[in-house]
Structures are given as structure tokens and as C-alpha cells.
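Summary of the model geometry
Spelled out from the first residue to the last, the chains are:
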Amino acid sequence: SPYEGQVIYETDTDRVLVWNGSAWVCITPISDTQDASVNNPSGTAFAASSGTDPTVTIQTGTKALVTISARVQTSGNYNFAGVAVSVASTVAAADEKSATAGGANTNGTAISCSITYLETGLTAGSNTFTMRYRCNVTASGSYDFRKLTVVGVP
């Protein structure tokens, strides 16, 4: 029986986990990077790109630290790179938790942007975090050098 605060190292996954009293939480940062350029889908709702989006599956408790970064080229609109969570939890991508670039002064400019935030209210277990994209109008933006890193918080 594990005890609260117990730390283990899984030799088969090279990950460190902590027992938080009710679930094992992976405290090893897990990242996925996709350098290829993709366009956000048409429309104003968050959605997958037409390419491969950064995805991280990690054992969490009820919280995780999420970092998103991307280089965004916009046509003067606001473009958002957010994260949706699935499997044990269901969390939609949201503007306030997105790496954002855009505005009238950025027409055709590539801007590197990032955000780190604490995702709370997760269901403990295996959670999958996947980057999603949107524009504030039906125009498009492109994203490259996309990286997603997630760390479980006990």
C-alpha cells in the first residue's frame, strides 16, 4: 500500500511518480513538439489542425501544469493555440488558457508566444492533453514550432 508523499521511479518509462493519497501523479515533465507548419481550421471554434498536433498523455491527479508555445503567423486577426483534455477528464480549450498572437499591427508577422497555467478540476487518472487552434474570425493563421509540456501536480 502506498503512503501519501511516496515517490517512485518507473524504470520502464523513466518517469517519477508521487502518490497524492488517492492517485499516482507523474511529476516528470512530458513534452511533444511538432515543428511542421499547420493552419487553424476555418471557423471561430477551437479545433484540430489538418496536421499532427502536439499530444501528451500523462498520469495526473486533479491538477497539472501546462505550457504551450508556438510561432504564430497571423493576417491581422487574433489566433489562439490552446489545449483540450480528454480520456479521464473532459476540458475544452479556452481563450484565457491559450498562447495568443494577433491584432492590427501583426498583419503577416510571425510571433513566438507561450503560456503556462495550472489546469485544475481534472479527474485523476490517465489524461490526454492535445493542442487545438482557433481564430477570432473565419480567417486563418499558421502555427509552427509548436510545443506542449505537461507536469502532474500532486
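Residues numbered from 1 in each chain as written. Predicted model: local features only at pLDDT ≥ 70, side-chain atom pairs only at ≥ 80, totals over all residues. Heavy atoms only, no water.

Counting across every chain of the model gives two aromatic pairs. Plain terms: the ring middles of Trp19 and Trp24 are 5.3 Å apart, the flat faces sit at 65 degrees to each other, and that makes the pair edge-to-face. With a centroid separation of 4.7 Å and 45 degrees between ring planes, the pair formed by Tyr133 and Tyr143 is classed as tilted. On the criterion of sequence distance, the pair formed by Tyr133 in strand E11 (residues 125-135) and Tyr143 in strand E12 (residues 141-153) is long-range, its members being 10 residues apart. (Phe/Tyr/Trp six-rings, centres within 6.5 Å; stacked < 30°, edge-to-face > 60°. Helix = DSSP H or I, 4+ residues; strand = E, 2+ residues; numbered from the N terminus.)

A word on unusual backbone geometry. Residue Asp14 is not a glycine yet carries a positive backbone phi of 60 degrees. Among the structural elements, Asp14 can be located in the loop between strand E1 (7-10) and strand E2 (15-19). You can call Asp14 exposed: its relative accessible area is 51%. The backbone phi angle of Phe145 is positive, close to 50 degrees, even though this residue is not glycine. For Phe145, a relative accessible area of 44% corresponds to the partly exposed category. (Buried < 20%, exposed > 50% of the residue type's maximum accessible area, 1.4 Å probe, protein only.)

An order of E6-E11-E8-E9 is seen for the four strands of this open sheet, with the pairing classed as antiparallel. Looking at the sheet topology across the chains shown, the edges are occupied by strand E6 (55-60) and strand E9 (99-102). Within this sheet the neighbouring strands show an average axis-to-axis angle of 25 degrees, counted without direction. Looking at chain direction, strand E8 (residues 78-87) and E9 are connected through four bridges and run antiparallel. Opposite Asn79, over in E9, you have Ala101 as the bridge partner. (Pairing = 2+ DSSP bridges. Axes fitted to C-alpha atoms, helices over the stretch in contact; angles between N-to-C directions.)

With that settled, consider the side chain of Arg146. By the element assignment, Arg146 lies in strand E12. Reaching out from Arg146, the side chain makes a polar contact with the backbone oxygen of Ala36 at a distance of 3.1 Å. (Polar contact = N/O pair within 3.5 Å; in protein donor to acceptor, adjacent residues only side chain to side chain.)

Our focus in this paragraph is the state of the cysteines. This model, assessed by the stated rule, comprises zero disulfides. Cys135 forms no disulfide, and the closest cysteine sulfur to it belongs to Cys113, at a distance of 13 Å. On the basis of relative accessible area, Cys135 is assigned to the buried category, the value being 0%. (Disulfide = S-S within 2.5 Å.)

This part is about the sheet that holds E1. Hydrogen bonds between backbone groups are what pair the strands of a sheet, and the pairing can be parallel or antiparallel. In spatial order, the strands read E1-E2-E3; together these three strands make up an open sheet with antiparallel pairing. Strands at the two margins of the open sheet, each flanked by one partner only, are E1 and strand E3 (24-26). Taking each pair of neighbouring strands and ignoring which way they run, the sheet shows an average axis angle of 30 degrees. Pairing analysis gives three bridges linking E2 to E3, with the strands arranged antiparallel. Looking at E3, one finds that Trp19 is bridged to Trp24.

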